[in-house]
Amino acid sequence: MSKPVFKSTASKKGARSSFAQYMEEYAEGEFLFEEDDLGTEMYILHEGQVEILQDLEGEEKVLAVLEKGDFFGEMALLEDLPRTASARAVSDVKVIKIDGATFDQMLRSKPEIAVRIMRKLSRRLRQTDQLLREALGAASERTAMPELPAPDEEEKVPAPEVLVHQDSGMEFHLAESSETLVGRRDPVTGIHPDIDLTPADGQRSTSRRHAKIYRRKEKYFVCEEIGTMNGTFVNGERIETGVPVEIEPGDEVQFGLVKLDFRVE
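Please give an account of the pattern of salt bridges that cites residues and values.
All chains considered together, the criterion is met by 8 salt bridges. Residue K94 pairs with E25 through a salt bridge whose shortest N-O separation is 3.9 Å. Taken together, the positions of K94 in strand β8 (residues 93–99) and E25 in strand β1 (residues 23–26) put the pair 69 residues apart, joining distant regions of the chain. When the shortest N-O distance is used, the salt bridge between E179 and K212 registers 3.7 Å. With a gap of 33 residues between them, E179 in strand β11 (residues 179–183) and K212 in strand β13 (residues 209–216) connect regions that are remote in the sequence. Owing to a relative accessible area of 18%, K212 belongs among the buried residues under this scheme. Salt bridges linked by common partners bring E51, E60 and R88 together as one network.

Next up, the structure:
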C-alpha cells in the first residue's frame, strides 16, 4: 500500500488551525488502509468520498460510501485488533487522522465525540438486526420514540414554525420535514443542524447536536439529544434527555443559554 502524502493545511484562524497537524490527503483510488492492517488510527472525512470495502470469498464488496463528516476506522482503534475492512478514496480526499493518544484527549475534552460513536454503533446494531430478521424471514418492527406519535407520510411543505431569539430578534425557521435538528454548525466534523444557533450563541453554550423538534400533525415536541451539555428548557423547566416534551406557540424554549420564543406564523 502506498504511503499517504502529508500536506499541512494550517490556518492561523478558526478551528482549522487546531486540526491542520492531523490533516492528510489521499489521491483518488488510493487506500487509506487495507483489511487485516494493524489499526492504530481512526479518521474523520473532511473532503471527498471514501468507500469501505471487504473481501467476501474472493470478491470485493462495497459496504458503504462515506462523505464529509463521517468517521471510520474507530473499531480497530478501540479494540486494538486488525482492520476488518479496507478504506479507499473514491475521489481526492482530505481526512483528519487521529491516533490513540489524541483520541483519548478528544474524548476527555469533547464528550460529544463519544456520543457520536455510540450512535454509529447503535445504527450498525440495528442494521445487523434487520439483516438477521430478513435472513430468518421475520418482519422487522420499528421502535417508536417513547410517547412520541408516529409521523404521517413524509411530505415537505413550507414550514410556518419559527423560533425567535429573545435578545436579538433573529428568526430560525423549522425544517420542512417532520424533524428539525437544533445545534451549532461544525465544518470540521461536518455537523450541519437544520437550525444553527451559532449567530445567537456567543458563549457556545449549545451542543453541536443539541435537540430535535418534531412535528406531529398540529402538535410539536422537543427532545434533547444524548450528550447535550448545558440542558434544554421549556418555559424555564429543564427537560429530561431523550424524553419528548410537547411545546405550543408562545412557549419559551431554551437551548443552553439561548432563549427563544416558539411561534407559528
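Alright, that's what it looks like, and here's the rest.
Before we move on, could you go through the nonpolar core and cite the residues and values that matter?
Judged by nonpolar contacts, the single largest core of 19 residues is most densely connected at L163, L197, I213, V222, I247 and F255. Breaking this core down by element, the ones donating at least two residues are β13, β14 (219–224), β18 (252–255) and β19 (258–264). Ranked by residue count, the leading element in this core is β19, at 3 residues.

Break down helix α3 (residues 100–109) for me, citing the residues and quoting the values.
Listed as buried for α3 are T102, F103 and M106. When α3 is viewed along its axis, its buried side chains cluster within an angular range of 100° and face the same direction. Turned more than 90 degrees away from the buried face of α3 sit A101, Q105 and R108, all of them exposed.

So what's going on with the sheet that holds strand β5 (residues 59–66)? Residues and values would help.
With antiparallel pairing, 4 strands are arranged side by side in an open sheet as β2-β7-β4-β5. Of all the strands in the sheet, the pair left with one neighbour each is β2 (31–33) and β5. Neighbour to neighbour, the strand axes of the sheet diverge by 35° on average, direction disregarded. Strand direction decides the pairing type here: β2 and strand β7 (residues 86–89), joined by 2 bridges, are antiparallel. Looking at the pairing, F31 lines up with R88 of β7.

Before we move on, can you summarise the environment of R88 with the specific residues and values?
Following the sequence through the fold, R88 ends up in strand β7. Its relative accessible area of 18% is what places R88 among the buried residues. For R88, the contacting residues outside a window of four places in its chain are G29, E30, F31, L32, Q49, V50, E51, L53 and E60. A distance of 3.2 Å separates the side chain of R88 from the side chain of E60, its partner in a polar contact.

Could you give an account of the environment of G69, with specific residues and numbers?
Locating G69 in the fold gives a position in the loop between β5 and β6 (71–72). Judged by its relative accessible area of 3%, G69 is buried. Put simply, G69 and L45 are 24 residues apart on the chain and 5.4 Å apart in space, counted from C-alpha to C-alpha.

Quick one: what's the story with the packing of aromatic side chains, residue by residue and with numbers?
Scanning all chains against the criterion turns up 4 aromatic pairs. Taking 5.3 Å as the distance between ring centres and 10° as the angle between the ring planes, the aromatic pair formed by Y43 and F72 counts as stacked. Here Y43 is found in strand β3 (residues 41–47), whereas its partner F72 is found in strand β6, with 29 residues between them in sequence. Their ring planes at 65° and their centres at 5.1 Å tell us that Y220 and F262 sit as a pair that is edge-to-face. Of the two residues, Y220 is situated in strand β14 and F262 in strand β19; the sequence distance between them amounts to 42 residues.

Describe the confidence of the model for the chain, and please don't skip the residues or the numbers.
The share of residues in the chain with pLDDT of 70 or more is 75%, and the mean pLDDT across the chain is 80. The low-confidence segment residues 1–17 (pLDDT under 50) makes 29 contacts with residues lying over four places distant or belonging to another chain. Between residues 139–145, whose pLDDT stays under 50, and residues either more than four places distant or in other chains, the model counts 7 contacts.

Reading the values: the criteria
- Residues numbered from 1 in each chain as written.
- Predicted model: local features only at pLDDT ≥ 70, side-chain atom pairs only at ≥ 80, totals over all residues.
- Heavy atoms only, no water.
- Salt bridge = Lys/Arg side-chain N within 4 Å of Asp/Glu carboxyl O.
- Helix = DSSP H or I, 4+ residues; strand = E, 2+ residues; numbered from the N terminus.
- Buried < 20%, exposed > 50% of the residue type's maximum accessible area, 1.4 Å probe, protein only.
- Core = buried A, V, L, I, M, F, W, Y, C linked by side-chain atoms within 4.5 Å.
- Arc of directions from axis to C-beta.
- Pairing = 2+ DSSP bridges.
- Axes fitted to C-alpha atoms, helices over the stretch in contact; angles between N-to-C directions.
- Contact = heavy atoms within 4.5 Å.
- Polar contact = N/O pair within 3.5 Å; in protein donor to acceptor, adjacent residues only side chain to side chain.
- Phe/Tyr/Trp six-rings, centres within 6.5 Å; stacked < 30°, edge-to-face > 60°.
- pLDDT = per-residue confidence, 0-100.

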